[in-house]
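The lines below spell out each chain.
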Amino acid sequence: MKDKLQQIREKAIAEIEGSDGLERLNEVRQAVLGKKGELTAVLKGMKDVAPEDRPKVGQWVNDTRSAIETVLEEKMKKLEADALKKRYEAEKIDVTMPAVKHEKGNLHPVTQVRNQLIDIFASMGFEVYEGAEIETDYYNFTALNTPQDHPARDMQDTFYLSPEFLLRTQTSAGQIHVMEAKKPPIKIISPGKVFRSDDDATHSPMFTQMEGLVVDKGITLCDLKGMLDELVKKIFGKETTTRLRPSYFPFTEPSVEVDVSCFQCGGCGCKLCKGTGWIEVLGAGVVNNKVLEGCDIDTNEYSGFAFGIGIERIAMLKYGINNIKLLFESDMRVLKQIDD
């Protein structure tokens, strides 16, 4: 029995010393000291040893286990140290190397202007309503006092999905949805994408618009002018003022085109304002009584104003962009310059 235990010890120590990794070392431990290991098998055979010899044999087994475990622990510490050293080498950082440059991102100019406008109008008490990009002919045209045979439809030629459904040409359709669902007082803006068959340096088949609507008792064109004055000061600078010019929109009466004093030359005349001192920025007006009546709003008690802002146009003016396509081409040489 003593010789057998000696053989187990020598074999185990040799295999432990020859182990090249923790995984192999664990395999040796299981083969010798595990539940089905060689040394465990010897202990299970103690029942066959004469009673008077069992203390002596038991001592030999314990000595063998102790010797194997000592070598096993030393080898494990060495392998763990080697593994840690290799890991440190693999993960070593050379502090003398230049750091990897991470460029700071920024929002798209259109998104920046959209957020700025929402913040400005929210500070004035406006709520945000976002409608659907696919509208019915009724909400996009008819309910806005633009029936089938109205010539104003030619100004907003659009993309029809069927005789009834189309891609909206203006977020004004949101006004009707709001006025049908909610009675005055109403104070909302409706931002979103709109679509028209139009394409040149200052127009795009798809662009972003923000429509505004206020309906309450005693609303006049003066209220519109005061709100617009506050808006342009916050967008273009505190010295900026507005000018209203008569215009025509089917859903407002009277209707106006809104100009701002040139924020580049201060109204003296320059290339941006084409020498006039003024820049056209949006259309607006007092809501047509037919539109209000179509939404069951009493025009003897309530009135309102509405306005529509092209967000790309505001972005182009504010950031000096001369071609609307630069806003859609994802050219980082252009976009990364604008972080307002």
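Our subject is the structure listed above.
Just so we're clear, the structure is a prediction, and the values are computed from it rather than from any experiment.

Trainee: Before we move on, could you go through the pattern of salt bridges and cite the residues and values that matter?
Mentor: Under the defined criterion, the tally for this structure stands at 13 salt bridges. With its nearest N and O atoms 3.2 Å apart, the salt bridge here joins Lys217 to Glu301. Taken together, the residues span a long stretch of sequence, with Lys217 in the loop between β5 (206-216) and α8 (221-236) and Glu301 in the loop between α9 (289-294) and β9 (303-310) at a distance of 84 residues. Given a relative accessible area of 52%, Lys217 falls into the exposed group. The closest approach of N and O atoms between Lys234 and Glu230, which form a salt bridge, is 3.7 Å. Of the two residues, Lys234 and Glu230 are both situated in helix α8; the distance of four residues between them amounts to about one turn of the helix.

Trainee: So what about the packing of aromatic side chains? Which residues, and what values?
Mentor: Across all of its chains, the model carries seven aromatic pairs by this definition. An angle of 15 degrees between the planes, with centres 6.0 Å apart, marks the rings of Phe249 and Phe251 as stacked. Neither residue differs from the other here; Phe249 and Phe251 are each classed as buried. Members of the aromatic cluster, connected to one another through ring pairs, are Phe121, Phe126, Phe305 and Phe307.

Trainee: Summarise the packing of helix α5 (residues 109-123) against helix α10 (residues 311-319); cite the residues concerned and give the values.
Mentor: Between α5 and α10, the least distance of the axes is 9 Å, while the angle of their chain directions is 105 degrees. Considering the angle they form, α5 stands roughly perpendicular to α10. Where α5 approaches α10, its residues Pro109, Val110, Gln112, Val113, Arg114, Gln116 and Leu117 are matched on the opposing element by Ile311, Glu312, Ile314, Ala315, Lys318 and Tyr319. Residue composition of the contact of α5 with α10, by class: eight nonpolar, two polar and three charged.

Trainee: With reference to specific residues and values, describe empty space enclosed by the protein.
Mentor: If you walk through the whole model with that rule in mind, you get one cavity of 30 Å³ or more. Taken together, Leu117, Leu231, Val232, Ile235, Phe236, Val281, Leu282, Ile309 and Ile314 make up the full set of residues lining the largest cavity. Breaking the lining of the largest cavity down by element, the ones donating at least two residues are α8 and β8 (278-287). When residues of the lining of the largest cavity are assigned to their parent elements, the largest contribution, four residues, is made by α8. Split by residue class, the lining of the largest cavity holds nine nonpolar, no polar and no charged.

Trainee: Can you tell me about the pairing of strand β4 (residues 186-195), naming the residues and giving the values?
Mentor: Burial runs high along β4: eight of the 10 residues are buried. Pairing geometry for strand β1 (residues 127-128) and β4, over two bridges, is parallel. By the bridge assignment for β4, Glu127 is matched with Ile188. Pairing geometry for β4 and β5, over 10 bridges, is antiparallel. Across the sheet, the residue bridging to Lys193 is Thr208, located in β5.

Criteria and cut-off values
Residues numbered from 1 in each chain as written. Predicted model: local features only at pLDDT ≥ 70, side-chain atom pairs only at ≥ 80, totals over all residues. Heavy atoms only, no water. Salt bridge = Lys/Arg side-chain N within 4 Å of Asp/Glu carboxyl O. Helix = DSSP H or I, 4+ residues; strand = E, 2+ residues; numbered from the N terminus. Buried < 20%, exposed > 50% of the residue type's maximum accessible area, 1.4 Å probe, protein only. Phe/Tyr/Trp six-rings, centres within 6.5 Å; stacked < 30°, edge-to-face > 60°. Axes fitted to C-alpha atoms, helices over the stretch in contact; angles between N-to-C directions. Parallel < 35°, antiparallel > 145°, perpendicular 65-115°, else oblique. Contact = heavy atoms within 4.5 Å. Nonpolar A, V, L, I, M, F, W, Y, C, P; charged D, E, K, R; others polar. 1 Å grid on protein atoms, 1.4 Å probe; cavity = no way out; pocket = protein on both sides within 12 Å on 5 of 7 lines; lining within 4 Å. Points joined across faces, edges and corners; volume = space filled by probe spheres on them. Pairing = 2+ DSSP bridges.

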